[in-house]
Amino acid sequence: MKHLITLFSIWIFLGISYSQEDVLYSFRGTHYSESKQSMTSCNLEFRYNWKKNVLILIMHADSSMYAGYLFTEAQRDSMNFMINKYLKWHKTAMDMDTEVDKAIDEIYLTGFFSDYSSKKKHSNGHNLLKTYFLSQDLGWHQLVLKFGTIEDRKNKSKRFKPKNIYLNKEQVLVFQKAFQKNYLTSFKEEKEKQKSIRKLFK
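Residues numbered from 1 in each chain as written. Predicted model: local features only at pLDDT ≥ 70, side-chain atom pairs only at ≥ 80, totals over all residues. Heavy atoms only, no water.

Q: Tell me about the environment of Ser 33, and please be specific about residues and values.
A: Summarising the element assignment, Ser 33 is placed in strand S1 (residues 22–33). Considered as a pair, Ser 33 and Lys 91 are 58 residues apart in the sequence and their alpha carbons are 29 Å apart. Not counting the four nearest positions on each side in its chain, Ser 33 is found in contact with Ser 38 and Thr 40. A polar atom in the side chain of Ser 33 sits 3.0 Å from the side chain of Ser 35. (Helix = DSSP H or I, 4+ residues; strand = E, 2+ residues; numbered from the N terminus. Contact = heavy atoms within 4.5 Å. Polar contact = N/O pair within 3.5 Å; in protein donor to acceptor, adjacent residues only side chain to side chain.)

Following this line, the structure appears as structure tokens:
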């Protein structure tokens, strides 16, 4: 079953590679910079293929490479479940004035990476994403996205490990928006509306 899911995910990825992607929104997260030896902000971007109903998270957290992950509707539901659990734990930790360091859950996704100077994408349909609840201090509780290494499915020597992404509660709420059905439904309806309008001006 996992093998079939992997092949299906790669098929989706290959289809999306040649389809129009629309940018939903961009926002900023935090990651650890080896060059600065400190935590620093990074750019994150959500794109959406409304024809295939697939959400794409693009992470610009490296100076030379970028990575992306694809979420089907079922995977978006799983991610939304993890985010809601983080929010529930956040409230509990704040109410109890305590610190917690605990894994939330994990999911396997189609992932890809590429060099900024190249158009070629290296992809694999079975990549691990783990979520963690991490208290940096009392009153400061983050959602951590921890990514496994992405190996090119055709060439295992081509590999890239994305940096962990750290999000505070305010950033998590922005992050969650893309995983909510109402938000994507509204986006699709607006796209269809604009498409219908354009047809009137031919």
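Q: So what's going on with the nonpolar core? Residues and values would help.
A: Formed by 40 residues in total, the largest nonpolar core has its most connected members in Leu 24, Phe 46, Phe 71, Met 79, Leu 145, Ile 165 and Phe 175. Of the residues forming this core, the biggest block, 5 residues, is contributed by helix H2 (residues 73–96). The next biggest cluster of nonpolar side chains, apart from the first, holds 6 residues, and it includes Ile 56, Ile 58, Leu 70 and Phe 112. (Core = buried A, V, L, I, M, F, W, Y, C linked by side-chain atoms within 4.5 Å. Buried < 20%, exposed > 50% of the residue type's maximum accessible area, 1.4 Å probe, protein only.)

Q: Talk me through a nonpolar patch on the surface; I want residue IDs and the actual numbers.
A: A contiguous nonpolar patch, built from Ile 197, Leu 200 and Phe 201 and spanning about 370 Å² of accessible area, is present on the exposed surface. For Ile 197, the position within the fold is in helix H4 (residues 181–199). Looking at Ile 197, the relative accessible area reads 33%, which means it is partly exposed. (Patch = residues over 30% accessible without salt bridge, like charges linked within 9 Å, V, L, I, M, F, W, Y side chains within 5 Å. Areas by Shrake-Rupley, 256 points an atom, 1.4 Å probe, with all protein chains shown as cover. Salt bridge = Lys/Arg side-chain N within 4 Å of Asp/Glu carboxyl O.)

Q: Tell me about the pattern of salt bridges, and name the residues and values.
A: Under the counting rule described, the total for this entry stands at 8 salt bridges. As a salt-bridge pair, Lys 181 and Asp 77 come within 3.9 Å of each other at their nearest N and O atoms. Here Lys 181, found in helix H4, pairs with Asp 77, found in helix H2; they are 104 residues apart in sequence, far enough to count as distant. Residue classification places Asp 77 among the partly exposed residues on the basis of a relative accessible area of 34%. Each of Glu 21, Glu 45 and Arg 47 takes part in salt bridges that share partners, so that together they form one network.

Q: Can you explain H2? Please cite residues and give values.
A: With 24 residues, H2 extends 35 Å from end C-alpha to end C-alpha; this agrees with the ideal 34 Å at 1.5 Å per step. Those residues of H2 not exposed but buried are Gln 75, Arg 76, Met 79, Asn 80, Met 82, Ile 83, Tyr 86, His 90 and Ala 93. Just downstream of H2 lies Asp 97, where phi reads positive at about 55 degrees. (Expected span 1.5 Å × (residues − 1).)

Q: Tell me about the packing of H2 against helix H3 (residues 169–177), and name the residues and values.
A: Contact geometry for H2 and H3: axes closest at 11 Å, N-to-C directions at 155 degrees. Judged on the interaxial angle alone, H3 and H2 are roughly antiparallel. Seen along the crossing, H2 lies across H3 with a hand that is left-handed. Residue-level inspection shows Met 79, Asn 80, Ile 83, Asn 84, Tyr 86, Leu 87 and His 90 of H2 in contact with H3, the latter providing Lys 169, Val 172, Leu 173, Phe 175 and Gln 176. Residue classes in the contact of H2 with H3 are distributed as 7 nonpolar, 4 polar and 1 charged. (Axes fitted to C-alpha atoms, helices over the stretch in contact; angles between N-to-C directions. Parallel < 35°, antiparallel > 145°, perpendicular 65-115°, else oblique. Left-handed = near helix turned anticlockwise from the far one by under 90°. Nonpolar A, V, L, I, M, F, W, Y, C, P; charged D, E, K, R; others polar.)

Q: Before we move on, can you summarise the packing of aromatic side chains with the specific residues and values?
A: Throughout the structure, instances matching the rule amount to 15 aromatic pairs. Taking the centre distance of 5.7 Å and the plane angle of 80 degrees together, the rings of Tyr 48 and Phe 187 count as edge-to-face. Residue Tyr 48 is located in strand S2 (residues 38–49), and its partner Phe 187 is located in helix H4; the two are separated by 139 residues in the primary sequence. For Tyr 48, a relative accessible area of 0% corresponds to the buried category. (Phe/Tyr/Trp six-rings, centres within 6.5 Å; stacked < 30°, edge-to-face > 60°.)

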